[in-house]
Structure formats: C-alpha cells, structure tokens
Amino acid sequence: MNGKVQVVCGPMFSGKTKTLIVLISGYLKDRKKVVVFKPKLDDRYAEESIVSHDKDEAQAFAVTRPAEMLDLFHRADVIAIDEVQFFDESIVGVCETIADYGKIVVVAGLDLDYLGRPFGSMPQLMSVVDEIIKLNSVCTFCSGRARFSHRISKDAGVVVLGEKDKYVPLCRSCYNEMNSKQL
Ligand SMILES: [Zn+2]
C-alpha cells in the first residue's frame, strides 16, 4: 500500500474532529485497522476517545510525545491524530515516517492560533502532506465564512483549552474590527 498524509485544518467550530471521524468511519468500512492518537493535554471530555463538538466518538490513545506513536502504529493501516497542533515539531517527521511505511496518516488541527498566527508545526506539516482539507466556520457576528478563532476570555498563552465560553469563530473583517477595537 502506498502511504500518504492527509490534513484536516481550520478554525475552532469548523467540524475538524467531525470530518476526521467521517474519514475514520470510511476507512473502517473499507476494513482497515485504525488507531487514533491525541495529545494528552486535551482532556476536555473523555480520556480514551476523541469527541467532536457534536459528541461523535472514536477510540483513541492519549500520548504526550509524537515518538510514542512509532511504538504503536505497526498494528494499524490508518493512523488518525486529532488536535495535532499541540504536538511538538517532531510530529512532522513522525507523520512522514509512518507514511513511508505505507500507512495512511490522517490528522486534524487548528491552522491558526488565537492571534491569527500559524499554529506550532502546522505550517511545516501542511507543506509535506499529500492532501489538505481546509474547513471554515461560521462568523459569530455576520454569519460569513470564519477562519479565525478569536479568544474572548482574558487568559494569556497560546494554549488555553476551552469551548464557546472562550473562543468565537470570526471572519476576516469582523476579526480585524474586534482587534482594532481592543487597541
Ligand atoms: Zn464576520
């Protein structure tokens, strides 16, 4: 089998995890063995499953470092990774190594952080992958196409876990308006 890396990216509330689960379901239907990974810091809902905002689930292993996946991928045909933006830069090489073994790697992550900057290793990852599915959300203010995850809480730091209590999806013009108002 020829390996490949697919990435599903976009802002918060754009259906990334749901799309990942749809892809996983398709691979399972093709009788492929799927292993799902997610970063250990994301324990918003369940410990051993990935959960989308609509509460769809798939079994998952929570790992701290990308290298841990190299011990576990051999049993699977397809390796799915959710919230991939939270892993360190070694995730890029790990995804490529697994694909080089002829496996399908499908990952989902935020492409931009809350300040609209490319998130962690996502730019590197998106450069080396075979397929990119870029999703949009719906702008909270104008219902336009949203690509920014604007933080409405006062928390500092790039990694602040939260849902609609802390973030809203915004289109480019509403995002710019919000940020100029805050200056
Ligand atoms: Zn808008």
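Up top you'll find the structure we're talking about.
Only a predicted model underlies this, so the values are computations on that prediction, with no experimental measurement involved.

1. Observations regarding the packing of aromatic side chains
Point 1. Inspection of the entire model under this criterion finds 4 aromatic pairs.
Point 2. Taken together, a centroid distance of 6.0 Å and an interplanar angle of 35° make the contact between F37 and F61 tilted. Here the residue F37 occupies a position in strand β2 (residues 34–39), and F61 occupies one in strand β5 (residues 61–63), the gap between them amounting to 24 residues.
Point 3. When its relative accessible area of 0% is taken as the criterion, F37 is described as buried.
Point 4. A cation over an aromatic ring shows up here: R147 above the ring of F148, its NZ or CZ 5.1 Å from the ring centre.
Point 5. Sitting above the plane of the Y114 ring, R151 keeps its charged end 3.5 Å from the centroid.

2. As for the coordination of the zinc ion
Point 1. Binding of the zinc ion to the protein goes through C139 (SG), C142 (SG), C171 (SG) and C174 (SG), at separations of 2.3 to 2.4 Å.
Point 2. What the 4 donor atoms of the zinc ion show is an angle range of 103 to 117° at the metal, which sorts the shape as tetrahedral.
Point 3. When the donors of the zinc ion are listed by position in the chain, the intervening gaps give C-x2-C-x28-C-x2-C. Accessibility assignment for this pair places C171 and C174 in one class, buried.

3. Examining the pattern of salt bridges
Point 1. A complete count under the given rule lists 3 salt bridges for this structure.
Point 2. The partner of D111 in a salt bridge is K134, with the nearest N and O atoms 3.1 Å apart. Taken together, the positions of D111 in the loop between β7 (104–110) and α4 (122–128) and K134 in strand β8 (residues 131–134) put the pair 23 residues apart, joining distant regions of the chain.
Point 3. Judged by relative accessible area, D111 falls into the buried class, the value being 7%.
Point 4. By relative accessible area, which is 44% here, K134 ends up partly exposed.
Point 5. The salt bridge involving R117 is made with D113; its shortest N-O contact spans 2.8 Å.
Point 6. Note on R117: relative accessible area 39%, which makes it partly exposed.

4. What about the nonpolar core?
Point 1. Counting residues in hydrophobic clusters, the biggest one holds 32 residues, and the most contacted among them are M69 and I81.
Point 2. Elements with a contribution of two residues or more to this core: β1 (4–10), β2, β6 (78–81), α3 (90–100), β7 and α4.
Point 3. Looking at this core element by element, the count peaks at 6 residues for α3.
Point 4. Beyond its immediate sequence surroundings of up to four residues, M69 is in contact with F37, V63, I81, F87, I91, V94 and I98.
Point 5. Among the nonpolar cores identified, the runner-up in size contains 12 residues, and L20, V78, V106 and A108 belong to it.

5. Description of helix α1 (residues 16–29)
Each full turn of the α-helix corresponds to 3.6 residues, which orients residues three or four apart in the same direction.
Point 1. Counted at 1.5 Å a residue, the expected span for α1 with its 14 residues is 20 Å, and the 20 Å between its end C-alpha atoms agrees.
Point 2. Every buried residue of α1 is listed here: K16, T17, L20, I21, I24 and Y27. Along the long axis of α1, the arc covered by the buried residues comes to 135°, so they all point the same way. Structural note: α1 exposes V22 and K29 on the side pointing more than 90 degrees away from its buried face.

Rules behind the numbers
Residues numbered from 1 in each chain as written. Predicted model: local features only at pLDDT ≥ 70, side-chain atom pairs only at ≥ 80, totals over all residues. Heavy atoms only, no water. Phe/Tyr/Trp six-rings, centres within 6.5 Å; stacked < 30°, edge-to-face > 60°. Helix = DSSP H or I, 4+ residues; strand = E, 2+ residues; numbered from the N terminus. Buried < 20%, exposed > 50% of the residue type's maximum accessible area, 1.4 Å probe, protein only. Lys NZ or Arg CZ within 6 Å of the ring centre and 35° of its normal. Donors = N, O, S within 2.8 Å, 3.2 Å for Na, K, Ca; no water. Tetrahedral: all angles 85-135°; square planar, octahedral: opposite > 155°, others 65-115°. Salt bridge = Lys/Arg side-chain N within 4 Å of Asp/Glu carboxyl O. Core = buried A, V, L, I, M, F, W, Y, C linked by side-chain atoms within 4.5 Å. Contact = heavy atoms within 4.5 Å. Expected span 1.5 Å × (residues − 1). Arc of directions from axis to C-beta.

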